[in-house]
Amino acid sequence: EFENLPASMVFQSMTAALVQVMVVTGAYYFMQTTGANFTPQCKRYHAGVDMSKFGTDKTRMNAYACYVTVFAFWTYPLCCPLAVIAVYWKNLLDRRLFYEC
């Protein structure tokens, strides 16, 4: 009977989102403590190549790919909590509309 009370829905959604964010944030703390040990050092891919100029040769493409993947790898744990909050917010709005309409 408490499921369709607005305060109960908000509290349940906020606590579930908070737990999920704390679980996913563990990946970020793992990256902060040990990420430098297994993240590739992209400088070795462009040793001797002037990276200030754009180009499409194989060495430059390897360096660009390295930088893009390392950036994605380091920012993924930061994007996931935002996605969790967005999903729980959407689900809260869907439940409220379901019980009101």
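All figures in this text were calculated on a predicted structure; none of them were measured in a lab.

Trainee: So what about the packing of aromatic side chains? Which residues, and what values?
Mentor: One pass over the structure, following the stated rule, counts three aromatic pairs. On the basis of an interplanar angle of 25 degrees and a centroid distance of 5.8 Å, the ring pair of Phe30 and Phe38 is categorised as stacked. By way of ring pairs, the aromatic residues Phe30, Phe38 and Phe73 are connected into one cluster.

Trainee: Residues and numbers for the state of the cysteines, please.
Mentor: Inspection of every chain in the model, using the stated rule, returns one disulfide. Two residues, Cys42 and Cys66, share a disulfide whose sulfurs are 2.1 Å apart. Disulfide Cys42 to Cys66: torsion about the S-S bond roughly -80 degrees, handedness left-handed. One end of the pair, Cys42, is in the loop between helix H1 (6-38) and helix H2 (58-100); the other, Cys66, is in helix H2, with 24 residues separating them in the sequence. For the pair shown, Cys42 and Cys66 are each scored as buried. We note that Cys79 lacks a disulfide partner, and the nearest cysteine sulfur, in Cys80, lies 7.0 Å from it.

Trainee: Could you give me a rundown of H1, with the residues and numbers involved?
Mentor: The end-to-end C-alpha distance of H1 is 46 Å, a good match for the 48 Å that 33 residues give at a rise of 1.5 Å each. The largest bend in H1 amounts to roughly 55 degrees and is located at Gln32. Tucked inside the fold, the buried residues of H1 contact H2.

Thresholds applied
- Residues numbered from 1 in each chain as written.
- Predicted model: local features only at pLDDT ≥ 70, side-chain atom pairs only at ≥ 80, totals over all residues.
- Heavy atoms only, no water.
- Phe/Tyr/Trp six-rings, centres within 6.5 Å; stacked < 30°, edge-to-face > 60°.
- Disulfide = S-S within 2.5 Å.
- Helix = DSSP H or I, 4+ residues; strand = E, 2+ residues; numbered from the N terminus.
- Buried < 20%, exposed > 50% of the residue type's maximum accessible area, 1.4 Å probe, protein only.
- Expected span 1.5 Å × (residues − 1).
- Bend = angle between axes of the 7 residues up to and from the residue.
- Contact = heavy atoms within 4.5 Å.

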